[in-house]
Amino acid sequence: MSEHAPARAQRPPRWYWEDFTEGLTMEFGPKKVEREEVIDFAAKFDPQPFHLSEEAGKASLFKGLAASGWHTAGMVMRMMCDGFILDSSSLGSPGLDGLKWLKPVLVGDEIRARMRVLATRPMKSKPHVGLVQTVWEAVNQRDEVVMVIESWAMFGRREPAPPPMEG
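Let us look at the structure shown here.

Criteria and cut-off values
Residues numbered from 1 in each chain as written. Predicted model: local features only at pLDDT ≥ 70, side-chain atom pairs only at ≥ 80, totals over all residues. Heavy atoms only, no water. Buried < 20%, exposed > 50% of the residue type's maximum accessible area, 1.4 Å probe, protein only. Helix = DSSP H or I, 4+ residues; strand = E, 2+ residues; numbered from the N terminus. Arc of directions from axis to C-beta. Contact = heavy atoms within 4.5 Å. Core = buried A, V, L, I, M, F, W, Y, C linked by side-chain atoms within 4.5 Å. Lys, Arg positive; Asp, Glu negative; His and termini not counted. Salt bridge = Lys/Arg side-chain N within 4 Å of Asp/Glu carboxyl O. Polar contact = N/O pair within 3.5 Å; in protein donor to acceptor, adjacent residues only side chain to side chain. Pairing = 2+ DSSP bridges. Axes fitted to C-alpha atoms, helices over the stretch in contact; angles between N-to-C directions. Phe/Tyr/Trp six-rings, centres within 6.5 Å; stacked < 30°, edge-to-face > 60°. Lys NZ or Arg CZ within 6 Å of the ring centre and 35° of its normal.

The next point concerns helix 1 (residues 35–45). Taken as a whole, helix 1 has its buried residues at Val38, Ile39, Phe41 and Ala42. Projection of helix 1 onto a plane perpendicular to its axis shows the buried side chains occupying an angular sector of 165°, all on one side. Facing away from the buried side of helix 1 by over 90 degrees, the exposed positions are Glu36, Ala43 and Lys44. Its buried side turned inward, helix 1 meets helix 2 (49–52) and helix 4 (69–83).

Structural data, given as structure tokens:
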């Protein structure tokens, strides 16, 4: 286990597939965007000049030191993990349907994560798994949506579906 990951208590998860009803909305955060984190992430994973220095950021379209969009996605993922995923029956995700960066996230901003359930359905091939379609938004301190992610996630079911009737 990573030194950064909290140890999960030996108890059943709080959140199962059945708990994610259409329209359910959750919000987490805020997370202040720190200069050192922006530069550290950029140096390791997205070393474009406007992510690495205030001067380059100010000279760019962003008009300031901007977090990488991938860093923004990572910060939102961390808020979601701390908010509910680590206390759920999460089985991962088959991928993203969409990812849009709408506004720059600058050093000093505070972002929140908001998740809304769009749809749910049981997985036909795995009766113990349910699928949840969500839209995640990262929102800054001015209530501007800065990033949107649409995706499906897989969660264990509290009550696996009965086997199909033979007839």
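Residues Phe20, Val76, Met80, Phe84 and Met115 are the most contacted members of the largest nonpolar core, which totals 31 residues. At the level of elements, strand 1 (25–32), helix 1, helix 4, strand 3 (110–122), strand 4 (129–139) and strand 5 (145–156) are the ones that each hand at least two residues to this core. Per-element tally for this core: the top contributor is helix 4, with six residues. When neighbours within four sequence positions are excluded, Met115 is seen to be in contact with Phe20, Leu24, Thr25, Met26, Met80, Phe84, Thr134, Val135 and Trp136.

So, about unusual backbone geometry. A cis amide bond links Gly29 with the next residue in sequence, Pro30, at an omega value of 10°. Positionally, Pro30 belongs in strand 1. In the Ramachandran plot, Lys63 falls in the positive-phi region, its phi being about 60° despite a non-glycine side chain. The phi dihedral of Asp143 falls on the positive side, at around 60°, and the residue is not glycine. Positionally, Asp143 belongs in the loop between strand 4 and strand 5. Exposure remark for Asp143: the relative accessible area of 56% places this residue in the exposed category.

This part takes up the side chain of Asp46. By the secondary structure assignment, Asp46 is in the loop between helix 1 and helix 2. Buried charge Asp46 goes without a salt bridge, the closest partner of opposite sign being Lys44 at 14 Å. A polar atom in the side chain of Asp46 sits 3.4 Å from the side chain of His51. Not counting residues up to four positions away in its chain, the partners in contact with Asp46 are Phe41, His51, Ser68 and Trp70.

What follows deals with the sheet that holds strand 4. Reading across the sheet, the five strands line up as 1-3-4-5-2 and stay open at both edges, with antiparallel pairing between neighbours. Both edges of this open sheet fall to strand 1 and strand 2 (95–101), since each of them pairs with a single strand only. In this sheet, neighbouring strand axes are inclined to one another by 20° on average, regardless of whether the strands run parallel or antiparallel. By the bridge criterion, six bridges tie strand 1 to strand 3 in an arrangement that is antiparallel. Following the sheet pairing, Met26 is matched in strand 3 by Met115. The sheet strands contacting helix 4 are strand 1, strand 2, strand 3, strand 4 and strand 5, and the helix crosses strand 3 at an angle near 70°.

Let's shift gears to the packing of aromatic side chains. Applying the stated rule across the entire model yields seven aromatic pairs. Through pairs of rings, three or more aromatic residues link up here, namely Trp15, Phe20, Phe28, Phe84 and Phe155. One cation-aromatic arrangement involves Arg121 over Trp152; the distance from NZ or CZ to the ring centre is 5.3 Å.

As defined by bridge partners, strand 3 adjoins strand 4 across 10 bridges and the pair is classed as antiparallel. By the bridge assignment for strand 4, Met115 is matched with Trp136. Here strand 3 hands over to strand 4 after six residues, the two strands then running antiparallel side by side.

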